[in-house]
Amino acid sequence: FYRPLGGEINFGEHSRDALARELREEIQAEVVGLRCLGVIENFYARYEVPQHELVVVYEAELADRSLYERASIQGVEQDEVFEVEWVSLVEFTSGRATLFPEGLLDMLVLP
């Protein structure tokens, strides 16, 4: 499955500032043109433990346009290295790939 980049909002931090901070921390990238698309209330299980989160979804652009030309971008989260991939929405709308949290795909494809 796939999940967009992001992370936790610190106490007293605005969600847009949290997103900008998380992307700086994870992929060393600055974002511009932030626009809030909405909020998703997400219930799920992680390691069989029930979880509950509010996901604030933003549309944004990477300030460094050359990042869009890469097949992947190396990220780091708490000393764990991971790869960020560009995945076409068609992969998700066709059912070939799964996007979490539930409801995010509808938010991205509906006008």
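You'll find the structure just up there.
Residues numbered from 1 in each chain as written. Predicted model: local features only at pLDDT ≥ 70, side-chain atom pairs only at ≥ 80, totals over all residues. Heavy atoms only, no water.

Visitor: Provide a residue-level description of the overall build of the chain, including the pertinent values.
Guide: A count of helices and strands for the chain gives 3 helices and 4 strands. Reading the helices (α) and strands (β) of the chain from amino to carboxyl end gives α-β-β-β-β-α-α. Relative to its length of 111 residues, the chain is compact, with a C-alpha radius of gyration of 14 Å against a globular reference of 13 Å. Along the first, second and third principal axes, the C-alpha atoms of the chain reach 40 × 35 × 30 Å. With 111 residues in all, the chain has 27% of them scored as buried. Here the chain has roughly 8,200 Å² of accessible surface; of this, 51% comes from carbon and sulfur atoms. (Helix = DSSP H or I, 4+ residues; strand = E, 2+ residues; numbered from the N terminus. Rg over C-alpha atoms; globule rule 2.2 N^0.38 Å. Buried < 20%, exposed > 50% of the residue type's maximum accessible area, 1.4 Å probe, protein only. Areas by Shrake-Rupley, 256 points an atom, 1.4 Å probe, with all protein chains shown as cover.)

Visitor: Would you mind going over the packing of aromatic side chains in detail, with residue names and values included?
Guide: Throughout the structure, instances matching the rule amount to 3 aromatic pairs. The interplanar angle of 80° and the centroid separation of 5.0 Å between the aromatic rings of F1 and F100 together place this pair among those described as edge-to-face. One end of the pair, F1, is in the segment before α1 (15–27); the other, F100, is in the loop between α2 (89–93) and α3 (104–109), with 99 residues separating them in the sequence. Measuring from centroid to centroid gives 5.6 Å for Y2 and F92, while their planes differ by 80°, and the two rings are edge-to-face. Here Y2 is found in the segment before α1, whereas its partner F92 is found in helix α2, with 90 residues between them in sequence. Residue Y2 is classed as partly exposed on the basis of its relative accessible area, which comes to 30%. (Phe/Tyr/Trp six-rings, centres within 6.5 Å; stacked < 30°, edge-to-face > 60°.)

Visitor: Which residues make up the environment of R35, and what are the values?
Guide: With respect to the helices, strands and loops of the structure, R35 is situated in strand β1 (residues 31–46). Remark: the alpha-carbon pair of R35 and E59, spanning 24 residues in sequence, is separated by 5.2 Å. Ignoring any residue separated from it by four or fewer positions in sequence, one finds R35 in contact with V57, Y58 and E59. (Contact = heavy atoms within 4.5 Å.)

Visitor: Pulling in residues and values, what's your account of the pairing of strand β2 (residues 49–62)?
Guide: Sheet topology note: the β1/β2 ladder contains 13 bridges and is antiparallel. Its bridge partner lying in β2, E41 is registered against L54. Connecting β1 to the antiparallel partner β2 that follows it, the hairpin turn spans 2 residues, and Y47 within it adopts a positive phi of roughly 55°. (Pairing = 2+ DSSP bridges.)

Visitor: Lay out the environment of Q78 in plain terms, naming residues and giving numbers.
Guide: With respect to the helices and strands, the residue Q78 is situated in the loop between β3 (72–77) and β4 (80–85). Distance in space between the C-alpha atoms of Q78 and E25 is 9.5 Å, their sequence separation being 53 residues.

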